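Remarks on the overall topology
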2 protein chains.
Amino acid sequence: MAKRVTLAEVAARAGVSPITVSRALRRPDTVQAETRARIDAAVAELGYVPDPAARALATGRADVIGVLIPSVTNAVFTDVLSGIYDGLADSRFDVQYAITRYDPGTEEKLIGVFLRQRPAGLIISGIDQTDAARRLLDRATCPVVQVMETGPDPVDMMVGFSHHDAAAAATRHLLDRGYRRPGFLGARMDPRTRRRFAGFRAEAEAHGVFDPDRVETTEVPSSVGGGAKLLRALLARHPETDAVFCNNDDLALGALFEAMRMGIPVPGQLGICGFNDLEMMRAAEPSLSSVRTHRFEMGARAVEMIRARLDGRDPGPAIIDLEAEILARRSTEGPTGNRPVET
Amino acid sequence: MAKRVTLAEVAARAGVSPITVSRALRRPDTVQAETRARIDAAVAELGYVPDPAARALATGRADVIGVLIPSVTNAVFTDVLSGIYDGLADSRFDVQYAITRYDPGTEEKLIGVFLRQRPAGLIISGIDQTDAARRLLDRATCPVVQVMETGPDPVDMMVGFSHHDAAAAATRHLLDRGYRRPGFLGARMDPRTRRRFAGFRAEAEAHGVFDPDRVETTEVPSSVGGGAKLLRALLARHPETDAVFCNNDDLALGALFEAMRMGIPVPGQLGICGFNDLEMMRAAEPSLSSVRTHRFEMGARAVEMIRARLDGRDPGPAIIDLEAEILARRSTEGPTGNRPVET
DNA sequence: GGCTAGAATGACAGCGCTGTCATTAGATGA
DNA sequence: TCATCTAATGACAGCGCTGTCATTCTAGCC
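About the cut-offs
- Residues numbered from 1 in each chain as written.
- Chains lettered and ligands numbered in written order.
- Predicted model: local features only at pLDDT ≥ 70, side-chain atom pairs only at ≥ 80, totals over all residues.
- Heavy atoms only, no water.
- Helix = DSSP H or I, 4+ residues; strand = E, 2+ residues; numbered from the N terminus.
- Rg over C-alpha atoms; globule rule 2.2 N^0.38 Å.
- Buried < 20%, exposed > 50% of the residue type's maximum accessible area, 1.4 Å probe, protein only.
- Contact = heavy atoms within 4.5 Å.
- Areas by Shrake-Rupley, 256 points an atom, 1.4 Å probe, with all protein chains shown as cover.
- Lys, Arg positive; Asp, Glu negative; His and termini not counted.
- Charge placed at Lys NZ, Arg CZ, Asp CG, Glu CD.
- Axes fitted to C-alpha atoms, helices over the stretch in contact; angles between N-to-C directions.
- Parallel < 35°, antiparallel > 145°, perpendicular 65-115°, else oblique.
- Left-handed = near helix turned anticlockwise from the far one by under 90°.
- Least-squares fit on C-alpha atoms with pLDDT ≥ 70 in both.
- Near = heavy atom within 4 Å.
- Polar contact = N/O pair within 3.5 Å; in protein donor to acceptor, adjacent residues only side chain to side chain.
- Pairing = 2+ DSSP bridges.
- Nonpolar A, V, L, I, M, F, W, Y, C, P; charged D, E, K, R; others polar.
- Salt bridge = Lys/Arg side-chain N within 4 Å of Asp/Glu carboxyl O.
- Arc of directions from axis to C-beta.

Attention shifts here to the overall build of chain A. For chain A, the count of helices and strands is 13 helices and 12 strands. Its C-alpha atoms give chain A a radius of gyration of 25 Å, clearly above 20 Å, the size a compact globule of 343 residues would have. For the C-alpha atoms alone, the extent of chain A along its principal axes is close to 85 × 40 × 40 Å. When the 343 residues of chain A are sorted by exposure, 55% land in the buried category. Considering only intrachain contacts with a sequence separation of at least 6, the fraction spanning at least 24 residues in chain A is 68%. Accessible surface, chain A as shown: approximately 14,000 Å² in total, 50% of it carbon and sulfur. Taken as two groups, the 43 positive and 46 negative side-chain charges of chain A have centres that lie 4 Å from each other.

Take a look at the structure:
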């Protein structure tokens, strides 16, 4: 293995003291140009790379942004991660992530672990932390950003959207298009999902078309196959259902396939709307309506807020609502075959 | 923020020296039961958690497994990650991952960065490292596992499969089912993809049915929409094409949707086979054939090999081939409507 | 009872870096 | 020309932990 090159060796080669090398690396403007040039040369020749552990120990903080997400296998979170990663490119920060598996207890534990590493910042998903976790976060000395959702009481900063309102808007869209007997398909009924359901319910009730029995859910994680199953179960009980709002796109895709299998025309006899607007939605046949959430941007903005704060710049408003948008496509054109919608 | 609790404070409270606390934590059997009990109590009361940076500095190594993957937004790699994560649960190791963006230069740089942190182990994707990266890895003192692919010349250990052979097997499956004018759809033509193409080509040539013009590829990353486009382009030139082997499942799904749009019956007029066997393949209508790769298991096995080596146990063979399997579903039932296949 | 082996514990130094001063060299002005 | 100030550099100590060796204590033995 490449033998370790220390600051001291670089210093010896450049004919200066270690501390000057350290400064030249961290605040080049405080070192004379000529000295700096010699140091840079020595660094290059020796292939010096600072030891992050030593640095963390000496400074009492780590150049690490901690990220807590529920799952890596859910495209929703990897898009956020991708935004975070992008926002951190060319910065001195590393990302350190951990998976909570949708378990608040695990999340609480991991928050503790992270905070003791004195991270430069922390990004966590959602607003459903335990009380203990909340207390930990409140006492944190680093910037904390909650992503994916907005709520009334941020720990520190927030970039997200209202799941309730987004679901309500999607439901309104179905009703606008003329559907009158909408159902709800949901999997992994975590708090976020429940708030989406609440949005669906509120909107449907406001229009007098909510039927609690036209709701089909499962605790199992969502999947395309699961969406097919849920639709089949719902239609078995309520064949009159004329539209489904699916808690996410996998379920919607599964519902579409199941409708095909059952010979049910979409959107004529059944409207389908998903949530998240994964890439496939637009490419499907018929193209599937969905709710676009700005996942990549949430990650990027979260990082930007943290960096602004660390640099002493103005991080902007504490709560950023990147409102979700309805993307109306063919799958919700309406029971009577309304005018086509652009995709 | 929870104020930092040091070893010394725990030691003071337990009435022992810091060194004893350190030992009690790392090798409990070397400390008397009674002393250990006092120390454990003090740790619990104070909520002590060791500082990983200090430990890394003092020991000269970090309890970190470095993971290099091309992308987080590709389900293929997140499944591997998931396996890694699982294999590391309840161990003292942390995962530290970095994204290469399919760029060998970036990968090389990141390998350097990782190795200087003296990680406990390193997991990298594929076998296409640069020469410089290869040299770095050869000199590494920690276990190194290449995942996702097997090849003749492992850096250290390997868990993967042959993309060439898997693609050849898929092609053979198409031919077995009676398709005679197979085409190839590919996106992001990285080395892995090229080897799959080579497998397709070799098999098709062996049967005298390879037509270099029935190959439609793009440098753009794959997507469902991209699959639709590729199929459309291919069929525009070669409407006689009776089957497509798609470089991955997204393309296959897109091809299926495009076939629907074009009114082409699948599998009767066009057979479609994907690669990776994402969950949706089985749920599609018609269900889509694919090549199942054991991604989760590759991650888990890689971790297991590293842990075995670190613990002085036998890590088993240096190269593990988790052979891919053809999952024959309805989308490749054959042009004449052969007997149904179980899904 | 005195001696020794081994178990349990502790003292000391240092991992590589940086914060906080102190020091030096050069520039400025009366 | 000399005092004064500023920019550039350096000395020192210490971050929290662990490796190495030294020390203490206990039990076992002749």
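Next comes the rest of the account.
Before going further, it helps to examine the packing of helix α10 (residues 224-237) of chain B against helix α11 (residues 249-262) of chain B. All names here are of chain B. In the contact formed by α10 and α11, the axes pass within 6 Å of each other and the chain directions differ by 55°. With respect to their mutual orientation, α10 and α11 come out oblique. For the pair α10 and α11, the crossing hand works out as right-handed. Contact with α10, carried on its side by Val-224, Gly-226, Gly-227, Ala-228, Leu-230, Leu-231, Arg-232 and Leu-235, involves Asp-250, Leu-251, Leu-253, Gly-254, Ala-255, Phe-257, Glu-258, Ala-259, Arg-261 and Met-262 of α11 and no other residues of that element.

Next up on the list: the relation of the copies chain B and chain A. Screw-axis analysis of chain B against chain A gives a translation of 0.1 Å along the axis, an RMSD of 0.2 Å, and a rotation angle of 180°. Such a combination of rotation and displacement between the chain copies is what one expects of a two-fold axis. Closest approach to the rotation axis within chain B is made by the C-alpha atom of Ala53(B), at a distance of 2.3 Å. Residue by residue, 100% of the interface of chain B is reproduced at the interface of chain A, so both copies engage with the same surface.

Contacts to DNA strand D come from 24 residues, most closely from Thr20(A), Thr35(A), Leu7(B), Ser22(B) and Tyr48(B). Counting only atoms of DNA strand D within 4 Å of the protein, the fraction found in sugar and phosphate groups is 66%. Thr20(A) places a polar side-chain atom, nitrogen or oxygen, 2.5 Å from a phosphate oxygen of DNA strand D. Arg23(A) is positioned such that a nitrogen or oxygen atom in its side chain is 2.8 Å from a base nitrogen of DNA strand D. Elements supplying a minimum of two residues to the surface near DNA strand D: α2 (18-26) and α4 (52-59) of chain A together with α2 (18-26) and α4 (52-59) of chain B.

Another point: the environment of Val72(A). Note that Val72(A) resides in the loop between β1 (64-69) and α5 (75-88). Using a relative accessible area of 5% as the deciding quantity, one classes Val72(A) as buried. Sequence separation between Val72(A) and Thr100(A) is 28 residues, and the spatial gap between their C-alpha atoms is 9.8 Å. With sequence-adjacent residues up to four places away left out, Val72(A) is seen in contact with Thr78(A), Tyr97(A), Ile99(A), Thr78(B), Leu81(B) and Ser82(B).

With that settled, consider the sheet that holds strand β8 (residues 243-246) of chain A. All names here are of chain A. Across the sheet, which stays open at both edges, the four strands sit in the order β7-β6-β8-β9 with parallel pairing between neighbours. With one partner strand each, in any of the chains shown, β7 (215-217) and β9 (271-273) form the two edges of the open sheet. Adjacent strand axes in the sheet meet at a mean angle of 15°, parallel and antiparallel pairs treated alike. Across three bridges, β8 lies against β9 in parallel orientation. Looking at β9, one finds that Val-244 is bridged to Ile-272. Contacting β6 (182-186), β7 and β8, helix α9 (residues 191-206) runs over the sheet at an angle of about 180° to β6. Its contacts with the sheet put helix α10 (residues 224-237) on β6, β7 and β8, and the angle it makes with β7 is roughly 145°.

Moving on to the protein's contact with DNA strand C. In the region of DNA strand C, 24 residues are neighbours, and Leu7(A), Ser22(A), Tyr48(A), Thr20(B) and Thr35(B) sit closest. Here, DNA strand C places atoms within 4 Å of the protein, and 65% of those atoms are sugar or phosphate. Take Leu7(A): an N or O atom from its main chain is 2.5 Å from a phosphate oxygen of DNA strand C. At a separation of 2.7 Å, a phosphate oxygen of DNA strand C approaches a polar side-chain atom of Arg55(A). Looking at the surface near DNA strand C, the elements with two or more residues in it are α2 and α4 of chain A together with α2 and α4 of chain B. Counting residues per element, the surface near DNA strand C draws most heavily on α4(A), which supplies four residues. When the residues that make up the surface near DNA strand C are grouped by side-chain class, the tally is 11 nonpolar, seven polar and six charged.

Bringing the packing of helix α8 (residues 163-176) of chain A against α9(A) into the picture now. Residue and element names in this part refer to chain A. Packing of α8 against α9 brings their axes to within 7 Å, and their N-to-C directions diverge by 40°. Here α9 runs oblique to α8, going by the angle between their axes. For α8 against α9, the interelement crossing comes out right-handed. Seen from α8, the contacting residues are His-163, His-164, Ala-167, Ala-168, Thr-171, Arg-172 and Leu-175; seen from α9, they are Arg-192, Arg-195, Arg-196, Ala-198, Gly-199, Phe-200, Ala-202, Glu-203 and Ala-204. Tallied by class, the residues present in the contact of α8 with α9 amount to seven nonpolar, four polar and five charged.

Let us look at the side chain of Ser125(A). Residues and elements named next belong to chain A. Within the secondary structure layout, Ser-125 lies in strand β3 (residues 121-125). Note on Ser-125: relative accessible area 7%, which makes it buried. Reaching out from Ser-125, the side chain makes a polar contact with the backbone oxygen of Leu-68 at a distance of 2.9 Å. Among all residues touching Ser-125, those that are not within four sequence positions of it are Leu-68, Ile-69, Pro-70, Phe-77, Glu-107, Val-147 and Arg-192.

Residues and elements named next belong to chain B. With respect to topology, four strands assemble into an open sheet ordered β7-β6-β8-β9, the strand pairing being parallel. Of all strands in the sheet, those with a lone pairing partner are β7 (215-218) and β9 (271-273), marking the two edges. Each adjacent strand pair in this sheet contributes to an overall mean axis angle of 15°, direction not counted. Where strand β6 (residues 182-187) meets β7, four bridges bridge the pair, whose relative direction is parallel. The residue of β7 that forms the bridge with Ala-187 is Thr-218.

The interface is formed by 47 residues belonging to chain B together with 47 residues belonging to chain A. There are six salt bridges connecting chain B and chain A. Note that Glu285(A) is salt-bridged to Arg261(B), the shortest N-O span being 3.3 Å. For the side of chain B that touches chain A, a count of residues per class yields 25 nonpolar, 10 polar and 12 charged.

With that settled, the discussion passes to helix α7 (residues 131-138) of chain A. Residues and elements named next belong to chain A. Within α7, burial applies to Ala-133, Leu-136 and Leu-137. The arc enclosing the buried residues of α7, seen along the axis, measures out at 95°, which places them on a common side. Projecting away from the buried face of α7 at angles above 90 degrees are the exposed residues Asp-131 and Arg-135.

Before going further, it helps to examine the environment of His173(A). All names here are of chain A. Within the secondary structure, His-173 sits in helix α8. Discounting chain neighbours no more than four positions away, the residues touching His-173 are Ser-289, Ile-326, Ala-328 and Thr-332. A polar atom in the side chain of His-173 sits 2.7 Å from the side chain of Thr-332.

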